[in-house]
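For reference, the chains in residue letters:
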2 protein chains.
Amino acid sequence: MPIEMGQLLPSMSSGQLLDYMAECRGLVLEELKAIVPAAGELQPILYDLVFEYPMREAKALRPAVAVAVCRAFGGPLEGVLKSATVLELYHNAFLIHDDVEDGSELRRDAPTLHTRHGTPVAINVGDAMLALALQPLLDNVADLGLGRALRVMEAVSVMARESAEGQAIELAWTRSGNWSLRDRDYLRMVHKKTGWYTFITPAVIGGLVAGCTQEQLLRLRLFATALGTAFQIQDDILNLESGPGRYGKEAWGDLWEGKHTLILMHALRCADAEERQHALGILGRARPPHQGHPSPTEQVVERLTALYQEQQITHRAYDELTQLLRHTVQVRYKTHEDVRFLHDLVQRHDSIAYARRVAARRARRARLLLHALDPVLGASEHLSFLDGLIDFVVDRSH
Amino acid sequence: MPIEMGQLLPSMSSGQLLDYMAECRGLVLEELKAIVPAAGELQPILYDLVFEYPMREAKALRPAVAVAVCRAFGGPLEGVLKSATVLELYHNAFLIHDDVEDGSELRRDAPTLHTRHGTPVAINVGDAMLALALQPLLDNVADLGLGRALRVMEAVSVMARESAEGQAIELAWTRSGNWSLRDRDYLRMVHKKTGWYTFITPAVIGGLVAGCTQEQLLRLRLFATALGTAFQIQDDILNLESGPGRYGKEAWGDLWEGKHTLILMHALRCADAEERQHALGILGRARPPHQGHPSPTEQVVERLTALYQEQQITHRAYDELTQLLRHTVQVRYKTHEDVRFLHDLVQRHDSIAYARRVAARRARRARLLLHALDPVLGASEHLSFLDGLIDFVVDRSH
C-alpha cells in the first residue's frame, strides 16, 4: 500500500519505470564506449571483457537514480552522464571482484567472469575498470566547474571506501562463521556494502550536479539510505524465491554460499536449539566446487566403491582410502539436503514474511523522505520515477 | 662501468642510497597512518591488513623517486608526500592482486596476503587501498593548487590503466602458453606492467609538483622508461639467482609460475628443437598447489601404492584408481626436475648474461638522459640519489 504523495506526483507504472532505466542505460553505454580504449590487441584480453557484465541484461539502476535526482532538481542531463558512467564502472568492477570472492557461478543469466576467463583475468579486468573510472571524474572539471567536480570525486572516494568496509564485514562474518548478530548489524553491513554505491552516492551525485543545498543533500542521503536497505532485503528474498531463469543468479545461491541475510538470521533466531545447531553445522561447510556435477573426489570414491563390490579391494583398503580421500582431498561440502534443510527452516519460521515487513517499513520511510522533498520540486517524470522506484524496489521480481 | 656525469654530480654510495629511501619510507608511512582510518572493528579485518605489505621490509622505491625528482628540481618535500603515499598505496594494492593472480606464496620474506587471510579478503584489501588512494589526490588541490593537483590525478589515472594493460598482456601470454615472442614484446609488456608505476609516474609526479616544463617532463619520462626496463630485467635475474632468504620471494618462483622473462625467452630461442619442445611442455604445466608439501592427491597415491604392495588391492584396481586420480583430481603439475631442466637451459645458453647486457644498455641510456637534465639542475643529494639509483637498479641483490 503506497502512501499517497502530494498531488504534484503522478505515480509511474512498472513498465514506464523500466523504460526510464533502459533509456539511461543506453546513454551510459554510449559514454562507456567513448571511455574504453577501442581496437587493438588489448580488446580480447581486456577491454572487450570490460563490457561483458554491462552488456548483459542489466537494469542500470545506479545511473538512473543519478539521472533522475539530477533532473528532478532541474540539473542538466549532460552534466550527470559522466558520473553515472563512473558509477556503472564501479558497480560492475565490484560485481566481478565479489563474484570471485563469493565463488559465484552465475551473473545476469550467464557464467560469471572468472568462471569464463579465470580468476586472474577477472581480478585484473575489475582493476582496469576502477582505473578507467578516474578519467571521466577529471573530465567533470570542464563540464561542471571545479567545485562540483571535486565534490563528485569526493563522493566517489567515500563510496569506494564504504563498499570495501561493508565487504570486509561480510567476509569476516563468513570466515569466522559468526551468526550471533542482531538485525542492526546486518542493516549496517548492507548499508555499507550495497547502500552507498547503489543509492546514496548516485542520489548525492545527482544532487551535487543539480546544485542542491547541503540540507537537500542530507535529505537525499536519508531517502537513499532507506531505499538501499529495502533493496538489499528484497534481493535476498528473490534469491530464495526465484529460479535461475528469472533472477539471473543461482537459485538459493545465498544458502549455498552461507550468506548472512535478515531472513536466515530470523530463522536461526526462531529455531529451537537442535535445529539451530544443525543449521550452524551446515553453514560451516563450504559449497561444493562445481555445484550440480560430482566433484573429482566424489568420482574417485564412487569408483572405489564399485571396485570394492567387485572384490578388487579389501575392506581395510577401502575404508582407509575413502577416509583419506575425505580428509585430505576434500573438506566436507554442503549437500542438496543441507541446503534444503536451511530452506525449510526459513519457510517454517515465516522468515521471508518477516524480511518483507522490514523492507516495507524502510520503503515507507523512503516515501516519507521523498515526500518531504516534494514541495521544492516541480512535478516531473524524474520525480515520478523516484517515487515509482520505491514500490519497484520492494515489489520487483528480478 | 658507470658513465661519468658532470662535475656537479657526486655519486651516492649504495649505503647512502638505502638511507635516502629509508627516510622517504618513514615519511610515507607517517602519511599512510594519517590516511587509513584507525581504531574500531574494521582494524583486524581490513585496515590493519592495509599495512601488512608496506610494513614488511620494503625499499619504498617509488616514493623515493617522486621525492628525489621533485627536490632535485627545487620542489618542496611537503608538496610531494601525499602523491608519494598514493603511489605506495597503488603499488601495494597491485602486489596483493598480482600475488593472487600469480598464485605466489612469498612476498617480502613472509606469506602472501591471500595465503595468510584467504583470496576474498586479499582482493578486498587491495580494493580498499585503491579507494583510500583517492582522498589524498583530492587533498592535493589545497596543497598544490588546482592545475598541478589535476595533472597529478591524470598521471595516476594513466598509470593505473597502463598497469592493468601490462598485466592483461602477461596473463594472456601465460594463459595461451604463447612463447613466440620477440624481446620487444617483453620490453613493451614490462614497460606497461612495471615501468609506469615504478618509475615513470613517480618521476613525472615529482616533476609536476616541482613545476617542470613540458620538455623536462618528457625527458624525465624517457629517463624513467629506460630505468624501469632495467629494473624489471634485474628483478627477473634476482629471481633466478637468489635464495628466498635474500630476495624475499620464492627462489625460482618465476620458473615455477612459467613467467615470461627475457632470460627464459633467450634460452628458448637458443635451445635446439628437442630442448625447446621439452621446455614448452614443462611451461604448459601448472605449478603444484602447495610447493614443498605433497599435494593431497600425491598423499592418496602414496597410500594407494603402499596398500597395493601389502596386497590389499589388486593390480587392476591399483592401475585404475591411480589413473583416475591423476586425470580427474589433478592436472599434471611441474616437478622439481622440470624446473631444474628450465634452470639448466638458462645456464647452458648464458641467458642471464644476455639479460644483464640488455639491462646495462638501458641503464647507460638512463644515465645519458639524466645527464642531459644535469645542466638545468644544481648539485644536490637528490640528483646524486637519482644517479646512484641507476647503478643500484642493475647491481642490486634484492
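Let us look at the structure shown here. Note that the coordinates shown come from a computational prediction; the quantities given were computed from them, not determined experimentally.

**A closer look at the pattern of salt bridges**
Summed over all chains, the structure comprises 43 salt bridges over all chains. As a salt-bridge pair, Glu275(B) and Arg348(B) come within 2.7 Å of each other at their nearest N and O atoms. Of this pair, Glu275(B) sits in helix H15 (residues 273-283) while Arg348(B) sits in helix H18 (residues 336-348), and the two are 73 residues apart along the sequence. For Glu275(B), a relative accessible area of 15% gives the class buried. Note on Arg348(B): relative accessible area 46%, which makes it partly exposed. One network of salt bridges, with partners in common, ties together Glu52(A), Arg56(A) and Arg116(A).

**Notes on empty space enclosed by the protein**
Rolled over the atoms, a probe sized like a water molecule indicates the empty space that remains. The full count for this structure, using the stated rule, is six cavities of 30 Å³ or more. The calculated volume of the largest cavity comes to roughly 140 Å³. Lining the largest cavity we find 15 residues, and of these Tyr90(A), Leu130(A), Tyr90(B), Leu130(B) and Ala131(B) sit closest to its centre. Of all elements in the fold, only helix H5 (77-102), helix H7 (119-132) and helix H9 (146-176) of chain A together with helix H5 (77-102) and helix H7 (119-132) of chain B reach the threshold of two or more residues within the lining of the largest cavity. Class assignment of the residues belonging to the lining of the largest cavity gives a composition of 13 nonpolar, no polar and two charged. Estimated volume of the second largest cavity: approximately 100 Å³. Elements represented by at least two residues in the lining of the second largest cavity include exactly helix H8 (134-144) and H9 of chain A together with helix H8 (134-144) of chain B.

**Notes on the interface of chain A and chain B**
The partner chain B presents 62 residues to the 63 residues of chain A that form the contact. When chain A packs against chain B, close to 5,500 Å² is buried across both sides, 67% of that on carbon and sulfur atoms. Our enumeration of links across chain A and chain B arrives at four salt bridges. For Arg188(A), the salt bridge is made with Glu41(B), and the minimal N-O distance between the two is 2.5 Å. Run the count over chain A and chain B and you get 16 residue pairs in polar contact (both at pLDDT 80 or more). Elements represented by at least two residues in the side of chain A that touches chain B include exactly helix H2 (42-50), H5, helix H6 (113-117), H7, H8, H9, helix H16 (296-309) and helix H17 (315-329) of chain A.

**Some details on the relation of the copies chain A and chain B**
At an RMSD of 0.1 Å, chain A and chain B line up after a rotation of 180° and a shift of 0.0 Å along the axis. Here the symmetry operator amounts to a two-fold rotation axis. No C-alpha of chain A lies nearer the rotation axis than that of Ile313(A), which sits 2.2 Å from it. When you check the interface residues of chain A against chain B, 98% turn up at the interface there too, and the contact is symmetric in its surfaces.

**A look at H7(B)**
Residue and element names in this part refer to chain B. The end-to-end C-alpha distance of H7 is 20 Å, a good match for the 20 Å that 14 residues give at a rise of 1.5 Å each. Here H7 lies mainly inside the structure; twelve of its 14 residues are buried. Within H7 the residues assigned to the buried category are Val121, Ala122, Ile123, Asn124, Val125, Gly126, Asp127, Ala128, Met129, Leu130, Ala131 and Leu132.

**Description of the nonpolar core**
In this structure, Tyr90(A), Phe385(A), Leu389(A), Tyr90(B), Phe385(B) and Leu389(B) are the most contacted members of the largest nonpolar core, which totals 259 residues. If sequence neighbours within four positions are ignored, Leu389(B) has contacts with Leu17(B), Leu61(B), Val65(B), Phe199(B) and Leu227(B).

**A look at the packing of H9(A) against H8(B)**
One way to put it is that H9(A) packs onto H8(B) with a least axis distance of 9 Å and a crossing angle of 155°. Taken together, the axes of H9(A) and H8(B) are roughly antiparallel relative to one another. Crossing of H9(A) over H8(B) shows left-handed handedness. Residues Leu150(A), Met153(A), Glu154(A), Val156(A) and Ser157(A) of H9(A) form the contact with H8(B), whose participating residues are Leu134(B), Gln135(B), Leu138(B) and Val141(B). For the contact of H9(A) with H8(B), the class distribution of residues is six nonpolar, two polar and one charged.

**Some points on unusual backbone geometry**
Residue and element names in this part refer to chain B. We note that Arg108 has phi near 50°; this positive angle belongs to a residue other than glycine. When you line up the elements, Arg108 lands in the loop between strand S1 (106-107) and strand S2 (110-111). A positive phi angle, close to 55°, is found at Asp350, a residue other than glycine. Structurally, Asp350 is set in the loop between H18 and helix H19 (351-373). The exposure class of Asp350 is exposed, given its relative accessible area of 52%.

**Some words on helix H14 (residues 262-270) of chain B**
All names here are of chain B. Most of H14 is tucked away: seven of the nine residues are buried. Every buried residue of H14 is listed here: Leu262, Ile263, Leu264, Met265, His266, Ala267 and Leu268. In the core, the buried residues of H14 are packed alongside helix H10 (183-209), helix H11 (214-241), helix H13 (253-257), H15, H18 and H19.

**Concerning the state of the cysteines**
Within the structure shown, the criterion is met by zero disulfides over all chains. Between Cys212(A), a cysteine without a disulfide, and Cys70(A), which holds the nearest cysteine sulfur, the sulfur-to-sulfur distance is 8.5 Å. For Cys212(A), a relative accessible area of 10% corresponds to the buried category. The thiol sulfur of Cys24(B) is not disulfide-bonded, and the nearest other cysteine sulfur, from Cys70(B), lies at 11 Å. Residue class for Cys24(B) comes out buried when judged on its relative accessible area of 4%.

**Points about the packing of helix H11 (residues 214-241) of chain A against helix H19 (residues 351-373) of chain A**
All names here are of chain A. With their axes 8 Å apart at the nearest point, H11 and H19 run at an angle of 155° to one another. With respect to H19, the axis of H11 lies roughly antiparallel. Taken as a pair, H11 and H19 cross one another with a handedness that is left-handed. Its residues placed into classes, the contact of H11 with H19 shows 19 nonpolar, three polar and five charged.

**As for the packing of aromatic side chains**
Applying the stated criterion across every chain yields a total of ten aromatic pairs over all chains. Taking the centre distance of 5.4 Å and the plane angle of 70° together, the rings of Phe199(A) and Phe231(A) count as edge-to-face. Here Phe199(A), found in helix H10 (residues 183-209), pairs with Phe231(A), found in helix H11; they are 32 residues apart in sequence, far enough to count as distant. Take Phe199(A) and Phe231(A): they sit in the same class, and that class is buried. Residues Tyr90(B) and Phe94(B) carry aromatic rings whose centres are separated by 5.8 Å and whose planes lie at 65° to one another, so their mutual orientation is edge-to-face. One end of the pair is Tyr90(B) and the other is Phe94(B), both in helix H5 and four residues apart, which spans about a single turn.

**Focus: the side chain of Arg25(A)**
All names here are of chain A. Tracing the backbone through its elements, the reader meets Arg25 in helix H1 (residues 14-35). Within the buried set, Arg25 has no salt-bridge partner at all; the shortest N-O distance to an opposite charge, 5.7 Å, is to Glu57. For Arg25, the side chain forms a polar contact with the main-chain oxygen of Pro54, separated by 2.8 Å. Reaching out from Arg25, the side chain makes a polar contact with the backbone oxygen of Ala58 at a distance of 3.5 Å. Every residue in contact with Arg25, bar those within four places of it in the chain, is listed here: Pro54, Met55, Arg56, Ala58 and Ala60.

Quick notes on the rules
Residues numbered from 1 in each chain as written. Chains lettered and ligands numbered in written order. Predicted model: local features only at pLDDT ≥ 70, side-chain atom pairs only at ≥ 80, totals over all residues. Heavy atoms only, no water. Salt bridge = Lys/Arg side-chain N within 4 Å of Asp/Glu carboxyl O. Helix = DSSP H or I, 4+ residues; strand = E, 2+ residues; numbered from the N terminus. Buried < 20%, exposed > 50% of the residue type's maximum accessible area, 1.4 Å probe, protein only. 1 Å grid on protein atoms, 1.4 Å probe; cavity = no way out; pocket = protein on both sides within 12 Å on 5 of 7 lines; lining within 4 Å. Points joined across faces, edges and corners; volume = space filled by probe spheres on them. Nonpolar A, V, L, I, M, F, W, Y, C, P; charged D, E, K, R; others polar. Contact = heavy atoms within 4.5 Å. Buried area = accessible area lost by both parts, 1.4 Å probe. Polar contact = N/O pair within 3.5 Å; in protein donor to acceptor, adjacent residues only side chain to side chain. Least-squares fit on C-alpha atoms with pLDDT ≥ 70 in both. Expected span 1.5 Å × (residues − 1). Core = buried A, V, L, I, M, F, W, Y, C linked by side-chain atoms within 4.5 Å. Axes fitted to C-alpha atoms, helices over the stretch in contact; angles between N-to-C directions. Parallel < 35°, antiparallel > 145°, perpendicular 65-115°, else oblique. Left-handed = near helix turned anticlockwise from the far one by under 90°. Disulfide = S-S within 2.5 Å. Phe/Tyr/Trp six-rings, centres within 6.5 Å; stacked < 30°, edge-to-face > 60°. Lys, Arg positive; Asp, Glu negative; His and termini not counted.

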